[in-house]
Number of protein chains: 2
Amino acid sequence: MQKPTLPKGTRDFGPEQMRKRLFIFDTIRQTFQRFGFQPLETPSMENLSTLMGKYGDEGDQLLFKILNSGDFAGSLTDADLQTGSKKLTPKISEKGLRYDLTVPFARYVVMNRNNLPMPFKRYQMQPVWRADRPQKGRYREFYQCDADVVGTDSLICEAEIILMIHEVMRNLGIQDFTLKINNRKILAGIAEAIGMPGQEGPLSVAIDKLDKIGKDKVLDELRERGFSEEAISQLDPLFTFDNASTAATLDQLTNWLAASATAQKGVAELRETLQLAELAGLENAQIEIDPTLARGLSYYTGAIFEVKANGVSIGSISGGGRYDNLTGAFGMPGLSGVGISFGVDRIYDVMDELALFPEGAGQGTKVLIIPFDADARVVALPLLSQFRTANVSAEVYPDLAKVKKMLDYANAKQIPFVVLIGSEEVQTNQLTIKNMVSGEQHKVATNDVVSFVTERIG
Amino acid sequence: MQKPTLPKGTRDFGPEQMRKRLFIFDTIRQTFQRFGFQPLETPSMENLSTLMGKYGDEGDQLLFKILNSGDFAGSLTDADLQTGSKKLTPKISEKGLRYDLTVPFARYVVMNRNNLPMPFKRYQMQPVWRADRPQKGRYREFYQCDADVVGTDSLICEAEIILMIHEVMRNLGIQDFTLKINNRKILAGIAEAIGMPGQEGPLSVAIDKLDKIGKDKVLDELRERGFSEEAISQLDPLFTFDNASTAATLDQLTNWLAASATAQKGVAELRETLQLAELAGLENAQIEIDPTLARGLSYYTGAIFEVKANGVSIGSISGGGRYDNLTGAFGMPGLSGVGISFGVDRIYDVMDELALFPEGAGQGTKVLIIPFDADARVVALPLLSQFRTANVSAEVYPDLAKVKKMLDYANAKQIPFVVLIGSEEVQTNQLTIKNMVSGEQHKVATNDVVSFVTERIG
């Protein structure tokens, strides 16, 4: 018989990993909810007509497509077969798996536009699927956690995103991070300022790589993309930001890009956003204005956000920005919104590498009760219920086995306390409690066992 | 432009529905964890070699299959096409979507057998997909919530399942339910007692329908299935159980099936299971021994469970039982276990129909802060943060709009309190708090606003 395997690029999450992941999910969910974002879930499958054409040609290739049910091949002709995979696909598949949470959200907004109170604030935490080549840190199924507010262009929403990012990071215990912020209008203004108006797209693609390939290679790439030496020489100020403070960076941008009304608007938006966040009481802000930040530019029209954890070489753990045309592809133009997405897998890697998971986040059962014989069950089972009533996760070892085996079980599951009940314990009404971390043993009266343990697990 | 639609049989869950669903998920998850079950998640996709042949021919048909990525048709021949859909499928698809949580669990246990502490208690709460014909209450994507313990045949585990079902129902607020229990050995014993040993399969299929079609039609079906008049006449006691108590039913079974050692073993198992549950302190047990319960019999070898909510005509909301060969299909025979599955969609329907959701379960944001002008934001934004620090979900209305529009927004989102801040409020430091349920308005000093609201939302 063949050994079962997992499809490549997919993973099982066992108990310890799951509990750590649940800590991340719960923390993000609670923060989203405290900020007034409302939960939404959409189906894993969408019609291919909803998904295709939304992620570029490459994205269309990376969609997982679902074979039609029933006799899907019944009406195929030999000619169909000879058209090749690309043309054959729509004849045998009409549905695909969700590629991100943004397009399903847009589809939902359009389908429910008459019943949604605007502004509409939603969060969504669900897996997405991409038929990417699997590699370290890249999977074919992974979770996204998105929060968006649509139907308003108020900068209060940008300020809220900044507050929420700080809150999520602190609640996770990631104290040392950098929130980079930019604005599409500043990128557009830079393109204007160097005499290449409208070219912020190719400009961004090149300068986005500054961290990775360095200034010289960025300039080479700009030359290849048709930027003149004169334009390139005017880019110099971009490489001289000292990032002493957000205010200093904004002042530098104001001076450098004085001639671009667009850039001035972008700078003013960032300035107001930061003021609003400060007004709301943001302390120890870990914000850096980064005029090179573009995040692929994609559909962003205003603020652009990106979060990295410091001290680890793991990519960004969160990103987002403002867009003005979320639902345009579905015939509902001009809907402005701003959103942020947290990547659970990368957050997990950061917290694991920096040992940031709180003690107990990987822990499940707190108490294992071990009755040594059938008589001991008379004491064990009521005690079990008392623990659970006190909201302490508790188990009873169900079989009669060797003591070592049962203690090994507790250790393997990282259960911190074991209650041992033999005939002596039943007669004296004094149970043995073993602390599995310290190895200490105590005799405790049956009635005091629950409080003894609860006091020690906090 | 075509209006976007959802694939048939799938659903969006908007904010109010989601919050109610999260109440159900959280309640079940917390109960599972308190009972020492550990979380597991498996990928949405499995290899078809893992899934096929595990659910019968019909199940194989109902699997959603995923088209291979890339040039899947490249190596197809005209001959392949002419073989028809069934033979073509394995040539263009190697993966399918999860059909239930049991087979992926079995696959996980086999792949991790050397590292799992046994007995292994896991719970799993994830969607499953079936290409069924959609109809009322039947969807192509729905959640299952399963808890299983494998690697032990101790009846303590059956007792724990009984306790846990009662606990889940009570924590959900479903007070009036019936937990029906049977045992495969009793069904086998009935077949023996009427002279048809080994025929509990066809026997069960017929008597399982007793509730729906009545005794006469059940007997007709048995005749069609080859049961003699003599055998059928001996079935009479099956229709005369008065269910006065579980003890009475067990006594009746003991007498009726005195000649079958198998049946006696089944009765003894049920008796001990109930004793263990009682020992653990089960109060107000809502248990009925039902010797006709079979749940399709499938792979059950011992206890069989089924839960129905009383007072609604909605099918079973939970079911499970003991099995002895979970992992046999993957080359690891003889692993005994017992499990229970809760159906979130049906539980939702029950709770909705009986109005059992606790007040606030559908509610999100508790406070909306409305600043009437830019100056008012200076008061509004710090207040917003104070609410959140006090763990109260709070929002600020981000735009300047007409009062009616903003209050309509609060009503549409069922936000119970609104804080109104205009120039007068800013000057006097007395903010207006409006209770959106009662319509009452209060003037409250800015510093007291948070405590005023928290006292009233409990």
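Nothing here was measured: the structure is a model prediction, and the numbers come from that model. (Residues numbered from 1 in each chain as written. Chains lettered and ligands numbered in written order. Predicted model: local features only at pLDDT ≥ 70, side-chain atom pairs only at ≥ 80, totals over all residues. Heavy atoms only, no water.)

1. Some details on the relation of the copies chain B and chain A
Superposition record for chain B on chain A: RMSD 0.1 Å, screw rotation 180°, translation along axis 0.0 Å. Here the copies are linked by what is in effect a two-fold axis. Of every C-alpha in chain B, the one belonging to Ile66(B) sits nearest the axis of rotation, 2.3 Å from it. Taken together, the interface assignments show that 100% of the residues at the interface of chain B recur at the interface of chain A, consistent with an identical surface on both copies. (Least-squares fit on C-alpha atoms with pLDDT ≥ 70 in both. Contact = heavy atoms within 4.5 Å.)

2. Details of the pairing of strand 16 (residues 441–445) of chain A
Where strand 15 (residues 430–435) of chain A lies against strand 16 of chain A, five bridges are found, and the strand directions are antiparallel. In the sheet register, Ile433(A) faces strand 16 of chain A, and the bridge partner there is His442(A). (Pairing = 2+ DSSP bridges. Helix = DSSP H or I, 4+ residues; strand = E, 2+ residues; numbered from the N terminus.)

3. Concerning the interface of chain B and chain A
Facing 103 residues of chain B, the contacting portion of chain A comprises 103 residues. Interface of chain B and chain A: buried area, both sides summed, is about 8,700 Å²; carbon and sulfur atoms make up 61% of it. Here Arg377(A) and Glu272(B) are joined by a salt bridge, their closest N and O atoms 4.0 Å apart. Our count for the chain B to chain A interface comes out at 38 residue pairs in polar contact (both at pLDDT 80 or more). (Buried area = accessible area lost by both parts, 1.4 Å probe. Salt bridge = Lys/Arg side-chain N within 4 Å of Asp/Glu carboxyl O. Polar contact = N/O pair within 3.5 Å; in protein donor to acceptor, adjacent residues only side chain to side chain.)

4. As for the UniProt feature "binding site: L-histidine" (unreviewed entry) in chain A
Residue and element names in this part refer to chain A. Mapped onto this structure's residue numbering, the UniProt feature "binding site: L-histidine" (unreviewed entry) falls at Asp100, Leu101, Thr102, Arg130, Gln144, Asp148, Arg295, Tyr299 and Tyr300. A relative accessible area of 0% means that Leu101 is categorised as buried. Among the secondary structure elements, Arg130 is positioned in the loop between strand 5 (120–129) and strand 6 (141–150). With residues near it in sequence (within four places) discarded, Arg130 still touches Leu62, Phe64, Tyr99, Asp100, Tyr139, Arg140, Phe142 and Gln144. (UniProt positions renumbered as here; feature names shortened; annotations may be inferred. Buried < 20%, exposed > 50% of the residue type's maximum accessible area, 1.4 Å probe, protein only.)

5. Quick notes on the domain arrangement of chain A
Entries for chain A in the domain assignment read domain 1 (15–63 + 99–353) and domain 2 (367–457). If you average the C-alpha positions of domain 1 of chain A and of domain 2 of chain A, the two centres end up 51 Å apart. (Domains from an automatic or database assignment.)

6. Things to note about the sheet that holds strand 8 (residues 287–289) of chain A
Residues and elements named next belong to chain A. Ordered by their spatial adjacency, eight strands build an open sheet running 1-5-6-11-10-9-7-8, and the pairing between neighbours is mixed. This sheet does not close on itself; its edge strands, each paired only once, are strand 1 (38–39) and strand 8. Taken together, the seven bridges between strand 7 (residues 177–183) and strand 9 (residues 300–309) define a ladder with antiparallel strand orientation. What sits directly across from Ile181, in strand 9, is Phe305. Packed on one face of the sheet, helix 6 (residues 102–111) meets strand 5, strand 6 and strand 10 (318–323) and runs near 135° to strand 5. (Axes fitted to C-alpha atoms, helices over the stretch in contact; angles between N-to-C directions.)

7. Quick notes on helix 6 (residues 102–111) of chain B
In terms of burial, helix 6 of chain B is largely enclosed, as nine of its ten residues are buried. Inspection of helix 6 of chain B places Thr102(B), Val103(B), Pro104(B), Phe105(B), Ala106(B), Arg107(B), Tyr108(B), Val109(B) and Val110(B) among the buried residues, and these make up the whole buried set. Tucked into the core, helix 6 of chain B has its buried residues touching helix 1 (15–34) of chain A together with strand 2 (45–47), helix 2 (48–51), strand 5 (120–129), strand 6 (141–150) and strand 10 (318–323) of chain B.

8. Describing the packing of helix 8 (residues 184–193) of chain B against helix 9 (residues 200–207) of chain B
All names here are of chain B. As a packed pair, helix 8 and helix 9 sit with axes 9 Å apart at the nearest point and diverge in direction by 105°. With respect to their mutual orientation, helix 8 and helix 9 come out roughly perpendicular. From helix 8, Arg184, Leu187, Ala188, Ile190 and Ala191 reach across to helix 9, where they touch Glu200, Leu203, Ser204 and Ile207. Looking at side-chain class alone, the contact of helix 8 with helix 9 contains six nonpolar, one polar and two charged residues. (Parallel < 35°, antiparallel > 145°, perpendicular 65-115°, else oblique. Nonpolar A, V, L, I, M, F, W, Y, C, P; charged D, E, K, R; others polar.)

9. As for the packing of helix 8 of chain B against helix 13 (residues 261–279) of chain B
Residue and element names in this part refer to chain B. Where helix 8 meets helix 13, the closest approach of the two axes is 7 Å, and the angle between their N-to-C directions is 150°. Between helix 8 and helix 13, the interaxial angle falls into the category roughly antiparallel. In this structure, helix 8 meets helix 13 at a crossing whose hand is left-handed. Facing Lys185, Ile186, Ala188, Gly189 and Glu192 of helix 8, the residues of helix 13 in contact are Ala261, Thr262, Ala263, Lys265, Gly266, Val267, Glu269 and Leu270. Grouping the constituent residues of the contact of helix 8 with helix 13 by class yields six nonpolar, three polar and four charged. (Left-handed = near helix turned anticlockwise from the far one by under 90°.)

10. Observations regarding the sheet that holds strand 15 (residues 430–435) of chain B
Residue and element names in this part refer to chain B. Strand order in the open sheet formed by five strands is 13-12-14-15-16, with mixed pairing between adjacent strands. Strands at the two margins of the open sheet, each flanked by one partner only, are strand 13 (394–396) and strand 16 (441–445). The mean angle between the axes of side-by-side strands here comes to 25°, regardless of whether they run parallel or antiparallel. As paired strands, strand 12 (residues 367–371) and strand 13 are joined by three bridges and run parallel to one another. Counterpart to Ile369 in the pairing with strand 13 is Val396. Here helix 16 (residues 403–412) sits on the sheet in contact with strand 12, strand 13, strand 14 (417–421) and strand 15, set at roughly 170° to strand 12.

11. Some remarks on the confidence of the model for chain A
Here chain A shows a mean pLDDT of 93. Residues at 70 or above account for 99%. Here the predicted complex scores 0.94 on pTM and 0.93 on ipTM. (pLDDT = per-residue confidence, 0-100.)

12. A word on the pattern of salt bridges
All names here are of chain A. This model, assessed by the stated rule, comprises 59 salt bridges over all chains. Residues Arg271 and Asp251 are paired through a salt bridge, measuring 3.4 Å at the closest nitrogen-oxygen approach. Of the two residues, Arg271 sits in helix 13 (residues 261–279) while Asp251 sits in helix 12 (residues 246–256), which places them 20 residues apart along the sequence. Residue Arg271 is classed as partly exposed on the basis of its relative accessible area, which comes to 30%. Residue class for Asp251 comes out partly exposed when judged on its relative accessible area of 38%. The partner of Glu424 in a salt bridge is Lys443, with the nearest N and O atoms 3.5 Å apart.

13. Quick notes on empty space enclosed by the protein
Counted under the stated rule, the structure contains two cavities of 30 Å³ or more. Forming the boundary of the largest cavity are 13 residues, of which Lys121(A), Val149(A), Cys157(A), Val396(B) and Pro398(B) lie nearest the centre. Counting residues per element, the ones that place at least two in the lining of the largest cavity are helix 7 (155–172) of chain A together with strand 13 of chain B. No other element matches the three residues that helix 7 of chain A contributes to the lining of the largest cavity. A class-by-class count of the residues in the lining of the largest cavity yields ten nonpolar, no polar and three charged. Looking at the second largest cavity, the residues that line it are Glu395(A), Val396(A), Pro398(A), Tyr409(A), Phe37(B), Pro119(B), Lys121(B), Val149(B), Ile156(B), Cys157(B) and Glu160(B). (1 Å grid on protein atoms, 1.4 Å probe; cavity = no way out; pocket = protein on both sides within 12 Å on 5 of 7 lines; lining within 4 Å. Points joined across faces, edges and corners; volume = space filled by probe spheres on them.)

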